Amino acid sequence: MKRSRLTQITQRFVQWYGVHGRDLPWRRTADPYHVWISEVMLQQTQVETVIPYYHRFLSRFPTVQHLATAAEDDVLKAWENLGYYARARHVHRAARDMVERFGGCVPSRWQDLSSLSGIGAYTAGAILSIAFGVSVPAVDGNARRVLSRLFAIQEPLDQTRTLRRIQELAESLVPHTGAGRFNQALMDVGAVVCTPKCPRCDRCPVGEFCRAKAQGQQDMIPVKGKRKPLPYRQVTAAFVRNKDGRLLIVQRPRQGLLAGLWKFPGGRRLDGESLEVCVQREVRKELGIDLQVQRAVGSIRHAYTHFRITLHAFKCRYTAGVPGALGCHDWRWVHRSCLDEFAFSRADRKIIAVFDRQ
Ligand code: SF4
């Protein structure tokens, strides 16, 4: 496409943004720390979900220094139910790195930002363009959809080659000044105009340049790659009380899926194993204690990014052994009324609701 056309497209996005851009809390500031936290929270997460978390997180950890010196459990608690908990651990680690290496500031150079935990090309581009005015693209899922339609890209979006091409197209459009506004315009057009289904082409600022629209292919682009079905797992959890009526909970290891979050003891069923045997075996592995399964209490379903589970809960009696953190990071006996002080995953919150109904 000719340079003059590309410039026109850029101008249309920026003009549209001036009138229709969404008024979001993190857009009322150019504070790099605020921009960074909002961008991380917005990954895989709806704007409406993020807003209360964003406010709470910044009032709990108002600066990079506050975040860097916080306990990991407090950071996970502030992130509870927002999902994708690796993000919380990454921002925590990156904040500590910022204090050690950059004087407690969010760095303003690409190579410095990219060296920090959890900051990839998109987040670095967003921080640099929005907070520091650097002319770099920030291509999120919404922007990717808009660009693939605008240029009628016929290759599946999950291919590296396609992603590289879209990145290059974004680089050819991003202006020397006002890159932040342009990047946010692209995201907003994707969010409210060029939506996954039924794009509103009649309201689109770049409709006259759009090749997918000209070819009537809006519904066929972006081209989807073949999706494999998500693997499925069965998982068990034990509701165990001690003599005081307190419930046994365990903290997951500091590495791996949902690291550092709390849960009821239990774990993944092996092939051919009954759920009752599974819960007893997993609790012995985690804590070194024996349980007697009394009855099934209920089950919930949950889908993670790479697999889905059914989590089965059992009421159990503690029969032998002294609890120790063998396969978990920590464990506690806690009153039901104190469970809210601990960070649980969304699936484990669902199983707490099952407990409350029993
Ligand atoms: Fe998307 Fe339609 Fe605009 Fe093309 S014209 S970018 S398909 S909203």
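Here the structure is a predicted model, which means the values were calculated and not measured.

Caption draft 1: A look at the site of the ligand. Taken together, the residues surrounding the ligand are R149, V193, C194, P199, C201, C204, G207, C210, K213 and Q218. The residue inventory of the shell around the ligand, partitioned by class, reads 6 nonpolar, 2 polar and 2 charged.

Caption draft 2: Molecular detail of the environment of Q65. If you trace the backbone, Q65 turns up in helix 4 (residues 64-69). The class of Q65 is partly exposed, set by a relative accessible area of 37%. Sequence separation between Q65 and A95 is 30 residues, and the spatial gap between their C-alpha atoms is 7.2 Å. Excluding residues that lie within four positions of it along the chain, Q65 makes contacts with V99, G103 and G104.

Caption draft 3: Expanded view of the nonpolar core. Core analysis: the biggest nonpolar cluster contains 71 residues, and Y33, W36, F57 and L67 have the highest contact counts within it. Element by element, the count of residues in this core is highest for helix 8 (residues 121-132), at 7 residues. Counting only domains with at least three residues in this core, you end up with domain 1 (3-139 + 160-198) and domain 2 (232-356). Counting 30 residues, the second largest nonpolar core, distinct from the first, contains V146, L147, A179 and A185.

Caption draft 4: Geometry of the packing of helix 9 (residues 141-150) against helix 10 (residues 160-173). Running from amino to carboxyl end, helix 9 crosses helix 10 at an angle of 85°, the nearest separation of the two axes being 10 Å. Between helix 9 and helix 10, the angle falls in the class roughly perpendicular. On helix 10, the residues that touch R144, L147 and S148 of helix 9 are L163, I166, A170 and L173. Residue composition of the contact of helix 9 with helix 10, by class: 5 nonpolar, 1 polar and 1 charged.

Caption draft 5: Geometry of the sheet that holds strand 4 (residues 290-303). Read across the sheet, 3 strands follow the order 1-5-4 without closing on themselves; strand pairing throughout is mixed. On the outer flanks of this sheet lie strand 1 (232-240) and strand 4, each paired with one strand and no other. Pairs of neighbouring strands in the sheet enclose a mean axial angle of 25°, with direction left out of account. Pairing between strand 4 and strand 5 (residues 308-320): 12 bridges, direction antiparallel.

Caption draft 6: Inspection of the sheet that holds strand 2 (residues 247-251) at higher detail. Pairing is antiparallel across the open sheet formed by 3 strands, whose spatial order is 3-2-6. Two strands in the sheet have a free side with no partner beyond their single neighbour: strand 3 (262-263) and strand 6 (330-334). Relative to strand 3, strand 2 runs antiparallel, the two sharing 2 bridges. Note on strand 3: the bridge partner recorded for V250 is K263.

Caption draft 7: A look at the packing of aromatic side chains. Applying the stated criterion to the full structure yields 11 aromatic pairs. An angle of 70° between the planes, with centres 4.9 Å apart, marks the rings of W262 and F342 as edge-to-face. Remark: F342 occurs in the loop between strand 6 and helix 14 (346-357) and W262 occurs in strand 3; sequence separation between them is 80 residues. Since its relative accessible area comes to 3%, W262 is described here as buried. Residue class for F342 comes out buried when judged on its relative accessible area of 11%. Look at Y304 and F307: their rings are 5.0 Å apart centre to centre, the planes differ by 40°, and that puts the pair in the tilted class. Across the pair, exposure class does not vary: Y304 and F307 are buried alike. Here a set of aromatic residues connected by ring pairs shows up, and it is made of F239, F264, F344 and F355. Stacked on the ring of F307, the Lys or Arg R233 has its end atom at 3.8 Å from the ring centre.

Caption draft 8: Examining the state of the cysteines more closely. The final tally for this structure, using the stated rule, is 0 disulfides. In this structure C278 is not part of a disulfide, and its nearest cysteine sulfur, from C316, lies 11 Å away. Counting only cysteine sulfurs, C278 is the nearest neighbor of C328, a cysteine outside any disulfide, at a range of 16 Å.

Caption draft 9: Region of the structure containing the domain arrangement of the chain. Once the domains are mapped, the chain shows domain 1 (3-139 + 160-198) and domain 2 (232-356). The centre of domain 1, based on its C-alpha atoms, is set 36 Å off from the matching centre of domain 2. Tallying the contact residues gives 9 residues for domain 1 and 16 residues for domain 2. Carbon and sulfur atoms supply 43% of the area that domain 1 and domain 2 bury against each other, a total of about 1000 Å² over both sides. The largest share of the area that domain 1 buries against domain 2 comes from K77, N81 and Y85, three residues that together contribute 43% of it. Where domain 1 packs against domain 2, one counts 3 salt bridges. Between R254 and D73 there is a salt bridge, with its nearest N and O atoms 3.4 Å apart.

Cut-offs applied
- Residue indices follow the written sequence of each chain, beginning from 1 at its first position.
- Whole-chain, interface and lining totals are the exception, using all residues; otherwise, since this is a predicted model, local features are given only for residues with pLDDT of at least 70 and side-chain atom pairs are given and counted only at 80 or more.
- By convention in this description, side-chain values take in all heavy atoms of the structure and omit both hydrogens and water.
- Proximity is defined per residue: any heavy atom of the residue falling within 4 Å of a molecule or strand makes that residue near it.
- Note that Gly is not counted as nonpolar here; it falls among the polar residues with everything else outside the nonpolar set of Ala, Val, Leu, Ile, Met, Phe, Trp, Tyr, Cys and Pro and the charged set of Asp, Glu, Lys and Arg.
- Here a strand is any run of E in DSSP of at least two residues, a helix any run of H or I of at least four, and the numbering for each starts at the N terminus.
- Only protein chains enter the calculation, and the probe is 1.4 Å; a residue is then buried if its accessible area is under 20% of its type maximum, exposed if over 50%, and partly exposed in between.
- Two residues form a contact once any of their heavy atoms are found within 4.5 Å.
- Only buried residues count toward a nonpolar core. Its members are Ala, Val, Leu, Ile, Met, Phe, Trp, Tyr and Cys residues joined through side-chain atoms within 4.5 Å.
- The split of the chain into domains comes from an automatic or database domain assignment.
- Here an axis means a line fitted to C-alpha atoms, over the contact stretch when the element is a helix, while the angle between two N-to-C directions is reported on a 0 to 180 degree scale.
- Throughout this description, any angle smaller than 35 degrees is read as roughly parallel, any larger than 145 degrees as roughly antiparallel, any in the 65 to 115 degree range as roughly perpendicular, and the remainder as oblique.
- We treat two strands as partners when DSSP finds at least two bridges between them.
- Side-chain rings of Phe, Tyr and Trp, where Trp is taken by its six-membered ring, are said to pair if the distance between their centres is within 6.5 Å; with planes under 30 degrees apart they count as stacked, over 60 as edge-to-face, and otherwise as tilted.
- By definition, being over a ring means that NZ of Lys or CZ of Arg is both within 6 Å of the ring centre and within 35 degrees of the ring normal.
- In plain terms, two cysteine sulfur atoms within 2.5 Å form what is called a disulfide here.
- Accessible-area loss on putting two parts together, using a 1.4 Å probe and summing over both, is the definition of buried area adopted here.
- By definition here, a salt bridge exists when the distance from a side-chain nitrogen of Lys or Arg to a carboxyl oxygen of Asp or Glu is within 4 Å.

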